[in-house]
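Structural features, examined
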Amino acid sequence: MTPELTLLGWTLVLALVQILLPSSFRNRETGTQYNMSARDEAGPPVGKVTARLKRAQANLFETLPLFAVAVLIAHVAGIHNKLTLYGAALYLGARVLYLPLYAFGIPVVRTLVWCVSVLGLLMLFWAILLAS
């Protein structure tokens, strides 16, 4: 297995964490009784951190398919070089940093870290397109 596929695997672990975190925070806000119910009522308002975690999750899910497909295309095409490795590592590293930055409401640095994750994606795209 290539390092890029391993990084994709860890990105999937991050995605699962980002599914479970907002649910956990929301459970604290509503209580287990509400969460085990049919949830016909709206429940208490969503807290700031829970809302941020949900937005961070949505943000990851916007680019995760692009990342996964790029890594898989590179793997199937036998493209494994510094661009693919560093691109995948940058993407995952930035996405890991992005989560607490968003949760704590740190604005400018969060956006810069997001840009680094996009740079990682672009590096993967570039590697794929250069090889064609």
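Residues numbered from 1 in each chain as written. Predicted model: local features only at pLDDT ≥ 70, side-chain atom pairs only at ≥ 80, totals over all residues. Heavy atoms only, no water.

**Overview of the environment of Thr111**
What counts, and what does not: Secondary structure elements are defined from DSSP: runs of H or I of at least 4 residues count as helices, runs of E of at least 2 residues count as strands, and each element is numbered from the N terminus. Three labels apply to residues, based on accessible area from a 1.4 Å probe with only protein chains included: buried if under 20% of the type maximum, exposed if over 50%, partly exposed otherwise in between.
Looking at where Thr111 falls in the secondary structure, it is placed in helix α5 (residues 107-131). Note on Thr111: relative accessible area 39%, which makes it partly exposed.

**Digging into the environment of Thr11**
Cut-off, in case you're wondering: Only heavy atoms matter for contacts: two residues are in contact if any of them lie within 4.5 Å across the pair.
Assignment of secondary structure puts Thr11 in helix α1 (residues 3-30). Judged by its relative accessible area of 0%, Thr11 is buried. Once you skip the residues sitting within four places of it in the chain, Thr11 turns out to touch Leu64, Phe67, Tyr91 and Leu92.

**Concerning α5**
As a reminder of what qualifies: To estimate how far a helix should extend, the number of its residues minus one is multiplied by 1.5 Å.
The terminal C-alpha atoms of α5 lie 37 Å apart, and with 25 residues this matches the ideal 36 Å at 1.5 Å per residue to within 8%. Looking only at α5, the buried set comprises Val113, Ser117, Gly120, Leu121, Met123, Leu124, Ala127 and Ile128.

**A closer look at the packing of aromatic side chains**
To keep things clear, this is the line we draw: For Phe, Tyr and Trp, rings pair up if their centres lie within 6.5 Å, where Trp contributes its six-membered ring, and each pair is then called stacked (planes under 30 degrees apart), edge-to-face (over 60) or tilted (otherwise). Two limits define a charge over a ring: the Lys NZ or Arg CZ must be within 6 Å of the ring centre, and within 35 degrees of the ring normal.
Scanning the entire structure with this criterion turns up two aromatic pairs. The interplanar angle of 15 degrees and the centroid separation of 4.2 Å between the aromatic rings of Phe67 and Tyr91 together place this pair among those described as stacked. Residue Phe67 is found in helix α3 (residues 48-76), and its partner Tyr91 is found in helix α4 (residues 82-103); the two are separated by 24 residues along the sequence. Note that Arg28 overlies the ring of Phe25, its terminal NZ or CZ placed 4.9 Å from the centroid. For Arg95, the ring lying beneath its charged end belongs to Tyr98, and the centroid distance is 4.5 Å.

Honestly, that's just the spatial picture; any functional story needs more than this.
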